Amino acid sequence: MFYRLSGIHHTRYASARQLWPLPADRWQVAAVFVLAVAAPLYMSDLYLSSYMLPWLVWSTATLALTLLMGVAGQLHFGFGAVMAIGAYTSIHLTQAGVPFEFALLAAGLLAALIGCLFGAAALRVKGLYLVMATLAMQFLVDWVIVNVKAISGGAVATLQAPSVEFLWLPVDTLVARYYVALLWAVIVTLLMLNIKRTSFGRALVAVRDKDFAAAVIGVNIFKYKLLAFFTSSFLGGVTGAILAFCFYRAVTPQQFSFDISIQLVAMVLVGGLGSVIGAFLGAGFVLLAPIVLLNIVAPLVEAGWLPVSASLMAHIPLMIYGAMIIGFLLFEPLGLAKIYDNARKYFLVWPFRHTQS
Amino acid sequence: MNIEFFLELLANGALTGLMYGMVALGIVLIYKSSGVLNFAQGAMVMTAGYVTWLLTSFGLSIYAAVALGIVALFAFGLLIERLLLRTLVGQPIIMIVMLTLGLDIFLRGLVPGILGTSPKHLDLGVGMAPLVLGDVFINRVYLLGGVVALALFALAALFFRTRLGTKLRAVSDDHVSSWSVGISVEHAVAVSWGLAGICAVGAGTIWGTVQGVEWSLTALLFPAVAVVILGGIDSIPGALLGGIVVGVLGSVIPGYVDPLVGGSTRDVVTSVVILLTIMIRPYGMFGREDIERV
């Protein structure tokens, strides 16, 4: 029934090397794509706006960070700041009358340029010290955004996103915003799926595995480390702009604080370092698991079965979030992607388990 | 701007720095023995503050509460090492960093969730009136904090001359060769976590007196990280000197610049200290430089 490998013989390299060599995988991807495109038809506005849309945007951001942390092996604890640069750039440019499409590009470019400054630290140090350096830069960018009134409009100010058009279609309704986010998510996903099949991706993987060794075999690590930061920050900046325009409809400094950077790293790790499907699963899990678990606990408390005070109740999402990070690192360090992979492999050969290599 | 203002900033900055050094000492002890940078040290300080407050609220005197708190946090440190860190030995650095960050988030939810979010008051019984030396006003709690920090540093220096301390030094040098001469590395790492717990009690009590025991004590992590980076991540004298430097810079510069730019330059100074150290001399003032082979 699940023996989906049966009768599949690749006779040309091109067919063996395609993205999804198994027809079953292709059907699965097509089904997920159709479900995503048709989501406004069968989902209520509430679910679309408060679950589906943030999940898509955060998954895209996780993909951008996965490119840096999973593929190129550079640790980055300041990705929230990179997204903030993109968000603020796009809002200021559209308010000045620049078309949305160009504002998105400019947001990506500025985020990429400043992101390269983060990368400058990576040229000097790695590992733990890179964590500290990016963390310090996150605080610096935050401070500049909050304290320079021309950027944020003051520490507690909120900049409203103006209504814009994307490819001559107004991005005002929820459905239009959803499709813009979906389009960007699909572009980034395709990029990430293909990146390891390019020389750029292979060079990044070489740098990840051991940068000195990569230099010995002729990979210019100076160039590729900076390029990794540039590409990833570009994607992150555009995602930040999409987040500001499609989800929040406004931007404040708190939306991109240090906690958000930690949350992004948690999404990457919970999903599985370097995995594309892991980025989607991880972002969904980190966003939704605390909400779902809270919804399970809350009725129990109201029914009086669990003696939980109001202040503990308010802290339960934070506790679940922390416990979730710890739990994944202890029990499944390769993340949800590994769990998915195990399940897939099981069903792929079921019921002939002995054929599994 | 007169000289008294500068001296006051200098003195209070140096004392604050010593108190940062107390938090940093815990990080250094753990890093020395196991190469793990404990991002949960801020949360441990907060936990220690809450534990001390809880014990005093049972009617214990503050000194008895601190003594019991030391026992409790030592055990807590051992527990964290045994349950969490030991299973991750040999994993990539990102896993270990995220584990301690996850622990930080978890404690930040658990402890204030159970014991209440409103700031708790700790009284060390030294009075609130500032001490006046010439024209300089010094906060008595800061002074006590500086003294406690110096005492902890002295104790740490003495501890490394004992039998157990020698084992810890050996382990910080090399894990494999320590095993080969019969030193239990696991034991030494566990002890260092316990010692970090003791440092957390000192820091938690003093900082809890200064700013009230609440979740914001975890924010001490950031200046403490700057201290260990500047001083050298595996150096105890580095934590002491780095603490004073970070404290003085974080007091004097905001003292003059804050009125000009509208506040909160202290975090900027801390960030710049981290960045400059990493760019110019990544292993800090006294840290050991790692040589890497392909």
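Conventions adopted
Throughout, residues of each chain are indexed from 1 in the direction in which the sequence is written. In the order they appear in the text, chains get letters beginning with A and ligands get numbers beginning with 1. Reporting in this predicted model follows two pLDDT cut-offs: at least 70 for local features of residues, and 80 or more for side-chain atom pairs to be given and counted; totals over whole chains, interfaces and linings ignore these cut-offs and use all residues. Think of it this way: any DSSP run of H or I at least four residues long counts as a helix, any run of E at least two long counts as a strand, and we number them from the N terminus. Computation of the radius of gyration draws on C-alpha atoms alone. For the globule rule, the value is 2.2 Å times the number of residues to the power 0.38. Residue burial is a threshold on neighbouring C-beta atoms within 10 Å of the residue's own C-beta, all placed from the backbone, with 20 or more meaning buried, 12 or fewer meaning exposed, and counts in between meaning partly exposed. Placing C-beta atoms from the backbone, we regard two residues as in contact once those atoms come within 7 Å. The term nonpolar core means buried Ala, Val, Leu, Ile, Met, Phe, Trp, Tyr and Cys residues held together as one set by C-beta atoms within 7 Å. Asp, Glu, Lys and Arg are counted as charged, while Ala, Val, Leu, Ile, Met, Phe, Trp, Tyr, Cys and Pro are counted as nonpolar; the rest, among them Gly, fall into the polar class. Fitted lines through C-alpha atoms give the axes, limited to the stretch in contact for helices. The angle between two N-to-C directions lies from 0 to 180 degrees. Crossings are sorted by hand: turned counterclockwise from the far helix by less than a right angle, the near helix makes the crossing left-handed, and turned clockwise it makes it right-handed. Oblique is the label for any angle not under 35 degrees, not over 145, and not in the 65 to 115 range, which are roughly parallel, roughly antiparallel and roughly perpendicular in turn. An expected span of 1.5 Å times one less than the residue number is assigned to each helix. Per-residue confidence from the predictor is reported as pLDDT, a score between 0 and 100.

Re the overall build of chain B
Thought 1: Helix and strand counts for chain B stand at eleven helices and two strands.
Thought 2: Taken from the N to the C terminus, the helices and strands of chain B come in the order α-α-α-α-β-β-α-α-α-α-α-α-α.
Thought 3: The C-alpha atoms of chain B give a radius of gyration of 19 Å, which matches the 19 Å a tight globule of 294 residues would have.
Thought 4: When the backbone C-alpha atoms are referred to their principal axes, chain B occupies close to 60 × 50 × 35 Å.
Thought 5: Counting over 294 residues, chain B shows a buried share of 52%.
Thought 6: Here the contacts in chain B between residues at least 6 apart in sequence split such that 76% fall between residues at least 24 apart.

Focus: the overall build of chain A
Thought 1: Of regular secondary structure, chain A possesses 16 helices and four strands.
Thought 2: Relative to a compact globule of 357 residues, whose C-alpha radius of gyration would be 21 Å, chain A shows 22 Å and is just as compact.
Thought 3: Taken along its principal axes, the extent of the C-alpha atoms in chain A is 65 × 65 × 45 Å.
Thought 4: Sorting the 357 residues of chain A into buried and exposed places 42% on the buried side.
Thought 5: Intrachain contacts of chain A at a sequence separation of at least 6 include 74% that bridge at least 24 residues.

Observations regarding the nonpolar core
Where a protein is soluble and globular, its nonpolar side chains tend to be buried together.
Thought 1: Counting residues in hydrophobic clusters, the biggest one holds 196 residues, and the most contacted among them are Met132 and Ala181 of chain A together with Leu25 of chain B.
Thought 2: Excluding residues within four positions of it along the chain, Ala181 of chain A makes contact with Leu53, Leu56, Val57, Ile242 and Cys246 of chain A.

Observations regarding the interface of chain A and chain B
Thought 1: Of the residues lining the interface, 37 residues belong to chain A; the matching set on chain B comes to 38 residues.
Thought 2: Looking at the side of chain A that touches chain B, the elements that each hand over two or more residues are helix H6 (100-124), helix H7 (128-147), helix H11 (211-216), helix H13 (258-271) and helix H15 (310-331) of chain A.
Thought 3: With twelve residues, the top contributor of residues to the side of chain A that touches chain B is H15 of chain A.
Thought 4: Taken together, the residues of the side of chain A that touches chain B break down into 30 nonpolar, five polar and two charged.

Regarding the packing of H7 of chain A against helix H11 (residues 266-280) of chain B
Thought 1: H11 of chain B packs onto H7 of chain A with a crossing angle of 145° between their chain directions and a minimal axis gap of 9 Å. The chirality of how H7 of chain A crosses H11 of chain B is left-handed. Between H7 of chain A and H11 of chain B, the residues in contact are Tyr129, Met132, Ala133, Ala136, Met137, Phe139, Leu140 and Trp143 of chain A and Asp267, Val268, Ser271, Ile274, Leu275 and Ile278 of chain B, respectively.
Thought 2: By residue class, the composition of the contact of H7 of chain A with H11 of chain B is twelve nonpolar, one polar and one charged.

A word on the packing of helix H14 (residues 276-302) of chain A against H15 of chain A
Residues and elements named next belong to chain A.
Thought 1: Two elements in contact, H14 and H15, have axes separated by 9 Å at closest approach and are oriented at 135°. By the angle between their directions, the pair H14 and H15 is classed as oblique. Seen from above, H14 lies across H15 with right-handed handedness. Contact with H14, carried on its side by Ala289, Pro290, Leu293, Leu294, Val297 and Val301, involves Met313, Ile316, Pro317, Ile320, Tyr321 and Met324 of H15 and no other residues of that element.
Thought 2: Looking at the contact of H14 with H15, its residues break down into twelve nonpolar, no polar and no charged.

Observations concerning the environment of Val301 of chain A
Residues and elements named next belong to chain A.
Thought 1: Following the sequence through the fold, Val301 ends up in helix H14.
Thought 2: Overall, Val301 belongs to the partly exposed group, with 17 C-beta atoms counted inside 10 Å.
Thought 3: Once the C-alpha coordinates of Val301 and Met313 are considered, the two residues, twelve residues apart in sequence, prove to be 8.9 Å apart.

Section: the environment of Leu293 of chain A
Thought 1: Within the secondary structure, Leu293 of chain A sits in helix H14.
Thought 2: Judged by the 17 C-beta atoms lying within 10 Å of it, Leu293 of chain A falls in the partly exposed class.

Focus on H13 of chain A
Residues and elements named next belong to chain A.
Thought 1: In this model H13 runs 20 Å from its N-terminal to its C-terminal C-alpha over 14 residues, within 8% of the 20 Å that 1.5 Å per residue would give.
Thought 2: Among the 14 residues in H13, eleven count as buried, and that is most of the element.
Thought 3: Buried within H13 we find Ser261, Ile262, Gln263, Leu264, Val265, Ala266, Met267, Val268, Leu269, Val270 and Gly271.
Thought 4: Following H13 by one or two positions, Gly272 adopts a phi angle in the positive range, close to 125°.

A short note on H7 of chain A
Thought 1: Between its terminal C-alpha atoms H7 of chain A stretches 29 Å, which fits the 28 Å expected from 20 residues at 1.5 Å a residue.
Thought 2: Of all 20 residues in H7 of chain A, 16 are buried, a share of seventy percent or more.

Comments concerning the confidence of the model for chain B
Thought 1: Confidence in the prediction for chain B averages 88 pLDDT; 98% of positions are at 70 or higher.
Thought 2: The complex model carries a pTM of 0.91, and its ipTM stands at 0.88.

Here we look at the environment of Gly97 of chain A
Thought 1: Secondary-structure assignment places Gly97 of chain A in the loop between helix H5 (79-95) and H6.
Thought 2: Put simply, Gly97 of chain A and Gly73 of chain A are 24 residues apart on the chain and 39 Å apart in space, counted from C-alpha to C-alpha.

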